Amino acid sequence: MRCLIVEDDPTLSGQLVRAMEDAGFVTDCASDGDQGEYLGATETYDVAVLDLGLPGMPGIAVLESWRAAGVAMPVLILTARGEWADKVAGFRAGADDYAVKPFRLEEVVIRAQTLVRRAAGHAQPVIKAGALKLDSQLSIITRDGLALKLTAFEQRILAYLIHHKNRVVSRSELAEHLYDANADRDFKSIEVVIGRLRKKIGEGVIETRRGEGYVLRDAP
């Protein structure tokens, strides 16, 4: 999963990056509103964490610009202002949730994970797909109750496929959601990892649709 963090405080930004990456996210960062608006409009993210008090374009204006351009990713706004009017303004601009500073990093991570699940149509933190279970809060995937030993990249691919089970996910879509903005998006690496995953979770769970992509089935 990819997360965009738009926060001008370098200390807080670094803390958010570490917390989100520890939870299995790939992150991109922007330190002002103009850069954040550009990244959100030109890259694909599963969730954005957006501070309202930004230099350059204000956070509310960034969010309004995204929504006007049809950018539908879930957005969690951060604000040091606890007044209800600020929260209302954020929701009217298109925010999905908010956290008021000071906050615990775990709170932001859990709220972001919840937004990602809801966007994919899942209400509960544990998502089932046949013998597989993804605990999105603990970032653990089990098969028949046993935790799978996965590399970070395998974990990200399998988690994304579980979130979007029973539908075709193209290699391009996977690449957009697995790599940060500066990474080389290697389709061959994805194919190799899919092959390794099949050995770990069983043949028939991930189906290849020639010319389309991959489908993770609830049952083989």
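- As named in an unreviewed UniProt entry, the protein is Response regulator transcription factor, taken from Paracoccus aurantiacus.

**Digging into the UniProt feature "modified residue: 4-aspartylphosphate" (unreviewed entry) in the protein**
At step 1: Feature annotation in UniProt assigns "modified residue: 4-aspartylphosphate" (unreviewed entry) to the following positions: Asp51.
At step 2: The class of Asp51 is buried, set by a relative accessible area of 3%.
At step 3: Beyond its immediate chain neighbours, meaning those up to four positions away, Asp51 contacts Val6, Glu7, Asp8, Gly59, Leu78, Thr79 and Lys101.

**Observations concerning the nonpolar core**
At step 1: Ile157, Leu158, Ile162, Ile190 and Leu216 are the most contacted members of the largest nonpolar core, which totals 49 residues.
At step 2: With 7 residues, helix H6 (residues 152-163) is the single largest residue contributor to this core.
At step 3: Counting contributing residues per domain, this core is built from domain 1 (2-120) and domain 2 (126-216), each supplying no fewer than three.
At step 4: With residues near it in sequence (within four places) discarded, Ile190 still touches Phe153, Ile157, Arg171, Leu174, Ala175, Leu178, Tyr179 and Tyr214.
At step 5: If you look at the next biggest cluster of nonpolar residues, it comprises 18 residues, including Val62, Met73, Val75 and Ala95.

**Considerations on the packing of aromatic side chains**
What describes a pair of aromatic rings is the distance from one ring centre to the other and the angle between the planes of the rings.
At step 1: Within the structure shown, the criterion is met by 2 aromatic pairs.
At step 2: A ring pair is formed by Phe91 and Tyr98, whose centres lie 5.7 Å apart and whose planes are at 80 degrees; its orientation type is edge-to-face.
At step 3: Note on Phe153 and Tyr179: the rings are 5.5 Å apart at their centroids and 45 degrees apart in plane angle, and the pair reads as tilted. Taken together, the residues span a long stretch of sequence, with Phe153 in helix H6 and Tyr179 in the loop between helix H7 (171-178) and helix H8 (187-201) at a distance of 26 residues. Summarising the burial analysis for this pair, Phe153 and Tyr179 share the class buried.
At step 4: Note that Arg2 overlies the ring of Tyr45, its terminal NZ or CZ placed 4.4 Å from the centroid.

**With respect to the domain arrangement of the protein**
By convention, interface size is frequently given as the accessible area that disappears when the constituent parts associate.
At step 1: Domain annotation of the protein identifies domain 1 (2-120) and domain 2 (126-216).
At step 2: Spacing between the C-alpha centres of domain 1 and domain 2 amounts to 25 Å.
At step 3: Contacts between the two partners involve 14 residues from domain 1, matched on the other side by 15 residues from domain 2.
At step 4: In total, about 1,200 Å² of surface goes out of reach between domain 1 and domain 2, with carbon and sulfur atoms giving 50% of it.
At step 5: When residues of domain 1 are sorted by the area they lose upon contact with domain 2, Arg2, Val26 and Arg117 head the list and together hold 37% of the total.
At step 6: Run the count over domain 1 and domain 2 and you get 0 salt bridges.
At step 7: Summed over the shared surface of domain 1 and domain 2, the number is 7 residue pairs in polar contact (both at pLDDT 80 or more).
At step 8: The element contributing the most residues to the side of domain 1 that touches domain 2 is helix H5 (residues 105-119), with 4 residues.
At step 9: Here the residues of the side of domain 1 that touches domain 2 are counted per class, giving 5 nonpolar, 4 polar and 5 charged.

Each value, and the rule that gives it
- Residues numbered from 1 in each chain as written.
- Predicted model: local features only at pLDDT ≥ 70, side-chain atom pairs only at ≥ 80, totals over all residues.
- Heavy atoms only, no water.
- UniProt positions renumbered as here; feature names shortened; annotations may be inferred.
- Buried < 20%, exposed > 50% of the residue type's maximum accessible area, 1.4 Å probe, protein only.
- Contact = heavy atoms within 4.5 Å.
- Core = buried A, V, L, I, M, F, W, Y, C linked by side-chain atoms within 4.5 Å.
- Helix = DSSP H or I, 4+ residues; strand = E, 2+ residues; numbered from the N terminus.
- Domains from an automatic or database assignment.
- Phe/Tyr/Trp six-rings, centres within 6.5 Å; stacked < 30°, edge-to-face > 60°.
- Lys NZ or Arg CZ within 6 Å of the ring centre and 35° of its normal.
- Buried area = accessible area lost by both parts, 1.4 Å probe.
- Salt bridge = Lys/Arg side-chain N within 4 Å of Asp/Glu carboxyl O.
- Polar contact = N/O pair within 3.5 Å; in protein donor to acceptor, adjacent residues only side chain to side chain.
- Nonpolar A, V, L, I, M, F, W, Y, C, P; charged D, E, K, R; others polar.

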